[in-house]
Structure formats: C-alpha cells, structure tokens
Amino acid sequence: MSLILYDLCGADDLRFSPFCWRTRLALMHKGLTFETVPVGFTEKHKIAFSEQDKVPVIDDGGTVVSDSWAIAEYLEDAYPGHPALFPGARGRRYAKMTNDWADKLNPFILKSIIVDVHDKLDPADQIYFRESREKRFGKALEKVQANRDETRRQLRDGLASMRAHLMDGPFVSGQAPAYGDFIVFGSLRWAELCSDFPMISDEDPITDWYARVGTTMGVK
Ligand SMILES: N[C@@H](CCC(=O)N[C@@H](CS)C(=O)NCC(=O)O)C(=O)O
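It should be emphasised that the depicted structure is a prediction, and the values quoted were computed from it without experimental measurement.

## A word on the packing of helix α1 (residues 18-29) against helix α8 (residues 179-194)
Working step 1: Relative orientation of the contacting elements α1 and α8 amounts to 135°, with a least axis distance of 8 Å. One element, α1, and the other, α8, form an angle in the oblique class. The chirality of how α1 crosses α8 is right-handed. Here Pro18, Phe19, Trp21, Arg22, Leu25 and Ala26 of α1 lie close against α8, whose contacting residues are Tyr179, Phe182, Ile183, Phe185, Gly186, Ser187, Arg189 and Trp190.

The structure is reproduced here in structure tokens:
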C-alpha cells in the first residue's frame, strides 16, 4: 500500500513548508518509500478528506494523519523496526518539548521573510497569502518585513538554548540526527528556500549543525 505526503507547494514546485519538511525528513529517516502530492494554499480541496485545512497530511495506505507532530508519533508507533525518530528513554518527551519551543520561534522567521514567501507563490496563492497574513498581522506584508533586523535578532536570541545544547553533541538528538533535529532544520530550510536574507550568521554553531543535518540526510 502506498504512502502519500500532501506537501505545501509554491511556484515552480517549490516545497518550502517548515512543517512538511519535518514530515518529509521523518519519512526519509524511517526509510519509507513515499510519493508527494503538491498542495497550493488555494487547493484545500486536495486535503478535504483529512477533515481539516492544513498540511502536512499523510495517507498511509488508508490511514490518514494530519499535523506534523501527530504524524511523527504515528510513524514512530507504526514502524517500530525502523530507525527511531525519538531515540532514548525520554526521547519522545524531549522531541515534543523541542517541537513546542520551535513552533514559538517560527513567527520570527515568518515576519523576517514574509514578502519573500509571498513572492515564491503562484499568483492565486499570492492573493490568498496576502489577504490572510495581512489580516493576521493587521498590516501590509511589506510593513511586517520592514522590521526584519529586529525579528531576526529575536530568532537568534531564541535559539540560545539550542546553541548551548549543541556544545554537548553534534545533533539536537545526540550523536545522530532524529526528529528533534528535523523540527528546527525544517524552519531554517523554509527560510533558505524562500529568501536570501540569512537567518543565522556564518559564525553561529547552528550554521554548522544545519549543514551536518543536511549532509547526513542528503538534502543539501
Ligand atoms: N501544527 C501544524 C501546523 C501546520 C501548518 O500551519 N501548515 C501550514 C503550511 S506551513 C498550512 O497548511 N497553512 C494553510 C493556510 O495557511 O491556509 C503542524 O505541525 O503540522
């Protein structure tokens, strides 16, 4: 039975969603074969079967799961003989903590690159994205992004605990990358794919970590 990932898609088939990257890397780490179905912001009909309106969604031979965290838990439980997403006795709890922490940092990335993300979308999705995000932030996308030196500083400050954690080992999850790494990697991959504005400085140890994860997972 086939496994399908419904994946957010921009213009030119760009797959940039931080949450979909978490799931994509989780599937790769588990060694599972999967196909992807591109879903634009204005193509919610493609995921109507999941009874909610956000990606990622997976359909694993008829088992439908949405939300990247729920998908990671599902994959870990459904494929126990495959490499672990949450290694270690308390790995699942640590990964969940990382998940919730990273979700709070994502808005700093979004505010730093919001016009750049808009520009990477197809025209119909640009209209949807502008309307929905300007409603959310109460101002023009350009005004949100104009403050990006500050929002990037907030992101860099917010990553301090990860920087400290990396002093103890090469990956968030220990000696090898696992789901805790994929969570943060997805966010920085999103920024890299959508924008030339560097979220992390070259001197930051997180830059080396990002390259290590990319190389290990074969995505850079
Ligand atoms: N908590 C969810 C968040 C998923 C999410 O926000 N997905 C975005 C793409 S990055 C989405 O589908 N947005 C649809 C929209 O804004 O209309 C998860 O972890 O999967």
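## A look at unusual backbone geometry
Working step 1: Here the residue pair Val55 and Pro56 is connected by a cis peptide bond, since its omega of 5° sits within 30 degrees of zero.
Working step 2: Within the secondary structure layout, Pro56 lies in the loop between β2 (35-39) and β3 (57-60).
Working step 3: One non-glycine residue, Asp12, lies in the positive phi region at around 55°.
Working step 4: Inspection of the secondary structure assignment puts Asp12 in the loop between β1 (3-8) and α1.
Working step 5: If you check the backbone angles, Asp67 has positive phi at about 85° while not being a glycine.
Working step 6: Among the secondary structure elements, Asp67 is positioned in the loop between β4 (63-66) and α2 (68-78).
Working step 7: A count of 17 C-beta atoms within 10 Å places Asp67 in the partly exposed class.

## Quick word on the sheet that holds β2
Working step 1: Pairing within the open sheet is mixed, and its four strands lie in the order β2-β1-β3-β4. The sheet terminates laterally at β2 and β4, the two strands that pair on one side only. For this sheet, the mean inter-axis angle between neighbouring strands, taken without regard to orientation, is 20°.
Working step 2: Inspection of the sheet shows β1 paired to β3 by four bridges, in the antiparallel sense. Along β3, the bridge assignment pairs Tyr6 with Val57.
Working step 3: On top of the sheet, α2 reaches β3 and β4; it is set at about 140° to β4, its chief contact.

What counts, and where the lines are drawn
- Residues numbered from 1 in each chain as written.
- Predicted model: local features only at pLDDT ≥ 70, side-chain atom pairs only at ≥ 80, totals over all residues.
- Axes fitted to C-alpha atoms, helices over the stretch in contact; angles between N-to-C directions.
- Helix = DSSP H or I, 4+ residues; strand = E, 2+ residues; numbered from the N terminus.
- Parallel < 35°, antiparallel > 145°, perpendicular 65-115°, else oblique.
- Left-handed = near helix turned anticlockwise from the far one by under 90°.
- Contact = placed C-beta atoms within 7 Å.
- Buried ≥ 20, exposed ≤ 12 C-beta atoms within 10 Å, placed from the backbone.
- Pairing = 2+ DSSP bridges.

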